[in-house]
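One letter stands for each residue in the lines below.
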Amino acid sequence: MHSDLDIEFEKYVKIGNNMPPQAADDMLIAYAFYKQATVGDVQGDRPTESSNVVQTFKFDAWRRLEGMPMEEAKKRYIQTIIELEARLKKPKA
């Protein structure tokens, strides 16, 4: 049985997946909240190959959320996507 939070989270995951590319920092934040919400604390070893810097950044962003409850991460992911959507709707100056 899905909670209201789970249903809302799934809705915003779909919205996030269909958004145009965002700034790298925003994408890392959303990624980290998503992983914490769906997997929990980061697992495995930190990537160290210099050729895979993107994976290292993703790992580090996720690790910063260590200990955050999955429900809190879902709420923060939803808020992040809402904020990104609002930025997209703002007219460019």
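Structure first, text after, so check above.
None of the values given here were measured: they were computed from a predicted structure. (Residues numbered from 1 in each chain as written. Predicted model: local features only at pLDDT ≥ 70, side-chain atom pairs only at ≥ 80, totals over all residues. Heavy atoms only, no water.)

Caption draft 1: Region of the structure containing the overall build of the chain. Looking only at helices and strands, the chain has 4 helices and 0 strands in total. Across its three principal directions, the C-alpha atoms of the chain cover 40 × 40 × 20 Å. Restricting the contact set of the chain to residue pairs at least 6 apart, pairs at least 24 apart contribute 76%. Split by element, the accessible area of the chain, about 6,600 Å² in all, is 53% carbon and sulfur. Averaging the coordinates of the 14 positive side-chain charges in the chain and doing the same for the 15 negative ones gives two points 6 Å apart. (Helix = DSSP H or I, 4+ residues; strand = E, 2+ residues; numbered from the N terminus. Contact = heavy atoms within 4.5 Å. Areas by Shrake-Rupley, 256 points an atom, 1.4 Å probe, with all protein chains shown as cover. Lys, Arg positive; Asp, Glu negative; His and termini not counted. Charge placed at Lys NZ, Arg CZ, Asp CG, Glu CD.)

Caption draft 2: Region of interest: helix α4 (residues 70-89). Its 20 residues place the ends of α4 29 Å apart at the C-alpha level, agreeing with the 28 Å of an ideal helix rising 1.5 Å per residue. Residues of α4 that are buried include every one of A73, K74, Y77, I78, T80, I81 and L84, and no others. In a view along the axis of α4, the buried residues occupy a sector of 160 degrees, so they form one face of it. Where α4 is buried, its residues meet α1 (4-17) and α2 (24-38). (Expected span 1.5 Å × (residues − 1). Buried < 20%, exposed > 50% of the residue type's maximum accessible area, 1.4 Å probe, protein only. Arc of directions from axis to C-beta.)

Caption draft 3: Geometry of a nonpolar patch on the surface. On the surface, V53, V54 and F57 cluster together into a nonpolar patch covering about 280 Å² of accessible area. One can find F57 in helix α3 (residues 53-63). (Patch = residues over 30% accessible without salt bridge, like charges linked within 9 Å, V, L, I, M, F, W, Y side chains within 5 Å. Salt bridge = Lys/Arg side-chain N within 4 Å of Asp/Glu carboxyl O.)

Caption draft 4: Structural detail: α2. Between its terminal C-alpha atoms α2 stretches 21 Å, which fits the 21 Å expected from 15 residues at 1.5 Å a residue. Buried within α2 we find D26, A30, A32, F33, Q36 and A37. Buried positions in α2, seen along its axis, are confined to an arc of 160 degrees and lie on one side of it. Buried residues along α2 sit in contact with α1, α3 and α4. Immediately beyond the C-terminal end of α2, within one or two residues, lies G40, with a positive phi of roughly 100 degrees.

Caption draft 5: Broad picture of the environment of D4. Along the chain, D4 turns up in helix α1. Separated by 83 residues in the primary sequence, D4 and R87 place their C-alpha atoms 26 Å from one another.

Caption draft 6: The side chain of T56, seen in detail. Summarising the element assignment, T56 is placed in helix α3. The contacts of T56, once residues within four sequence positions are left out, are R46 and P47.

Caption draft 7: Broad picture of the packing of aromatic side chains. The final tally for this structure, using the stated rule, is 3 aromatic pairs. Seen in terms of ring centroids, F9 and Y34 are 6.0 Å apart; in terms of plane orientation they differ by 15 degrees. Their pairing is stacked. Pair noted here: F9 is in helix α1 and Y34 is in helix α2, with a separation of 25 residues, a long-range link. Overall, the relative accessible area of 33% leaves Y34 in the partly exposed class. Of the aromatic side chains, those joined through ring pairs into one cluster are F9, Y34 and Y77. The positively charged end of K58 is found above the aromatic ring belonging to Y31, 4.7 Å away from the centroid. Geometry around F9 places K74 over its ring, the cationic atom sitting 5.8 Å from the centre. (Phe/Tyr/Trp six-rings, centres within 6.5 Å; stacked < 30°, edge-to-face > 60°. Lys NZ or Arg CZ within 6 Å of the ring centre and 35° of its normal.)

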